[in-house]
Amino acid sequence: MHKIESRNVNFFYGETQALHDISLSMREHTVTALIGPSGCGKSTFLRLLNRMNDLIDNTRMEGSILIDQNDIYQRNTNVDDLRKNVGMVFQKPNPFPKTIYENVAYGLRVNGIEDKNIIEERVVTSIEQVALWDEVKDKLKKSAFELSGGQQQRLCIARALAIQPSVLLMDEPTSALDPISTSKIEDLIHELKKQYTIVIVTHNMQQAARVSDNTAFFYMGKLIECDKTKTIFTKPAIQQTEDYITGRFG
Amino acid sequence: MNSENKLARKKRITQNIAFGIFTAISYAIVALLFVILAFIVVKGIGVISWEFITAMPTNGMTEGGIFPAIVGTLCLVLASIIFAFPVGVFAAIYMTEYVKDGWIKKVIKQMTNNLAGVPSIVFGLFGMSLFVNKLGFGDSILAGGLTLGLLVLPVVIRTTEESLKAVDATFRQASLGLGATKWQTTSKVVLPIAFPNIITGLILSIGRVSGETAPILFTVAAYFLPKLPSSIFDQAMALPYHLYVIATSGTNIEKSRAMAYGTALILIIIVLISNLLANALRKYYGKKVKMN
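Per an unreviewed UniProt entry, chain B is named Phosphate transport system permease protein PstA, and its organism is Flavobacterium seoulense. UniProt, in the comment section headed Sequence similarities (unreviewed entry), describes chain B in these words: "Belongs to the binding-protein-dependent transport system permease family. CysTW subfamily." The record held by UniProt for chain B lists under Subcellular location (unreviewed entry) the comment "Cell membrane".

An unreviewed UniProt entry lists chain A under the name Phosphate ABC transporter ATP-binding protein, from Flavobacterium seoulense. Taken directly from UniProt, the Function (unreviewed entry) text for chain A runs: "Part of the ABC transporter complex PstSACB involved in phosphate import. Responsible for energy coupling to the transport system." Comment text from UniProt for chain A, heading Subcellular location (unreviewed entry), reads "Cell inner membrane".

Next up, the structure:
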């Protein structure tokens, strides 16, 4: 049974078609890496999974995307509920201009949770989940901007986890971070996949190879190949994939 | 080798000339500002005294002070900001956060720009016919404040729009991604980040409002009113109009010349103080956004 399933998805920015007939499924508790050169459509595809592309004017989507067997592009889909279930982490760490504590509590508060004990418990759990607790436990009331880039990014992950999603989308989550912070995030991804289904966009081949179970290679808006990460990186079925992962183009 | 040297030299000379021109122009602008300021300070400093800023004008406005004009101008600034700030900020929020790209947005934008280009005397006439006559406010601080408010509305809208647009889109996406509504996102994330810059709009409007003469001419300004306004339905004196009066149509223009410069100086000082205040406010909130 698939957690996420996209069926013949086409996507348009105005007249430009950005995705062509993408069919791709992901199992629960796996990490899927989306790779490909800039402009290949991997981020666009990622953003379809929590309907983030709805925010862009003049876009059009065809086909269907199912999460837990529900078509998320159906008319009666509650987009707020969908986004609560499908958390997102961005390229650049973007904590809100609030305290560390309030950053994580934000998602709970906007969803109407007012019980202080519940909020406190979830905040602490989420920060522990991203292995940030020891570093911030004494400065929860300080601004999130005082943290380093890597800590900020882990805080953003904690912020996403606090509202208990089941899917986590990561859009090049380490591209703005140094190698040590990057490896911490990668360790975290290993830890998190026990509980979540993760989709990660990355430009870093080694990262895709290290963290993912499956890898999907996009090129010019088309899904060229998707298979077990091991297979993709050792004996890809298609020449284009091999050219890309060996660095011959892209 | 030789030609390379020549090229390098030519590049350097061009660079120096361009740089020189830019420097000269910048200094000239600053110098000009100083000359104007110095001129007014030199001519006006003589009449400035505690009495000048706290007393009523006397003897056909050739003696005494300009207290009611100072109070009038402050009232007008306040009234116009109370009207224009919320309206302008909400309009800008609507335009940047809610309306989709399309003809409605284009029309509103174009109209806002047109509004900014309307001569201030036209605002004065409009204010007179709408607020003073039609709505029956009479010549009053309310009518004048609303007229001035309309005048600065485009400034507030535009600066607020720019500050909202400057907020990185991923902040909005992160908030919406947590299941927040658009309004929660706007009020709890976007506005706090943009707030320090929105304050700049406020600064610009205060400067503009306190110096305008034409819009208050038919809506509020009193030629001579040696008492303070007691409600928003009262007429009031105002610095720019008072300056105009004693410089062109006072009872004794020669005698009140020094007072005219003094009035100008006070006007400039008020604008300066409000700018400094707003700047401090902006810095304070800028820090708070980071510390919060």
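That was the structure; now back to the text.
Peer 1: Teacher, can you tell me more about the overall build of chain B here?
Peer 2: Looking only at helices and strands, chain B features eleven helices and two strands. Scanning chain B from its N terminus toward the C terminus, one meets helices and strands in the order α-α-β-β-α-α-α-α-α-α-α-α-α. Structurally, chain B occupies a C-alpha span of about 75 × 65 × 40 Å along its principal axes. Across the 292 residues that make up chain B, the buried fraction comes to 41%. Here the analysis covers contacts within chain B between residues at least 6 apart in sequence; of these, 75% occur between residues at least 24 apart. Here chain B displays about 15,600 Å² of accessible surface, and carbon together with sulfur accounts for 70% of that area. Side chains of chain B carry 25 positive and 12 negative charges; the gap between the two charge centres is 11 Å.

Peer 1: Please explain the interface of chain A and chain B as it appears in this structure.
Peer 2: It is common to give the size of an interface as the accessible area that goes away when the parts come together. The interface is formed by 26 residues belonging to chain A together with 23 residues belonging to chain B. Counting the surface lost from both chain A and chain B, the interface buries some 2,200 Å², and carbon and sulfur atoms represent 59% of this. Of all residues in chain A, Asp57, Pro97 and Tyr106 of chain A give up the largest surface area on contact with chain B, accounting jointly for 25% of the area buried on that side. Counting every contact that joins chain A to chain B gives seven residue pairs in polar contact (both at pLDDT 80 or more). Counting only elements with at least two residues in the side of chain A that touches chain B, the list comes to α2 (79-85), α3 (100-110) and α6 (149-162) of chain A. Considered class by class, the residues forming the side of chain A that touches chain B number twelve nonpolar, five polar and nine charged.

Peer 1: So what exactly am I meant to see when it comes to α6 of chain A here?
Peer 2: Side chains that are three or four residues apart share a direction in an α-helix, a result of its 3.6 residues per turn. Residues and elements named next belong to chain A. In this model α6 runs 20 Å from its N-terminal to its C-terminal C-alpha over 14 residues, within 8% of the 20 Å that 1.5 Å per residue would give. The element α6 is largely enclosed, with a buried count of 13 among its 14 residues. At the exit of α6 stands Gln164, carrying a positive phi of roughly 55°.

Scoring rules and cut-offs
- Residues numbered from 1 in each chain as written.
- Chains lettered and ligands numbered in written order.
- Predicted model: local features only at pLDDT ≥ 70, side-chain atom pairs only at ≥ 80, totals over all residues.
- Heavy atoms only, no water.
- UniProt positions renumbered as here; feature names shortened; annotations may be inferred.
- Helix = DSSP H or I, 4+ residues; strand = E, 2+ residues; numbered from the N terminus.
- Buried < 20%, exposed > 50% of the residue type's maximum accessible area, 1.4 Å probe, protein only.
- Contact = heavy atoms within 4.5 Å.
- Areas by Shrake-Rupley, 256 points an atom, 1.4 Å probe, with all protein chains shown as cover.
- Lys, Arg positive; Asp, Glu negative; His and termini not counted.
- Charge placed at Lys NZ, Arg CZ, Asp CG, Glu CD.
- Buried area = accessible area lost by both parts, 1.4 Å probe.
- Polar contact = N/O pair within 3.5 Å; in protein donor to acceptor, adjacent residues only side chain to side chain.
- Nonpolar A, V, L, I, M, F, W, Y, C, P; charged D, E, K, R; others polar.
- Expected span 1.5 Å × (residues − 1).

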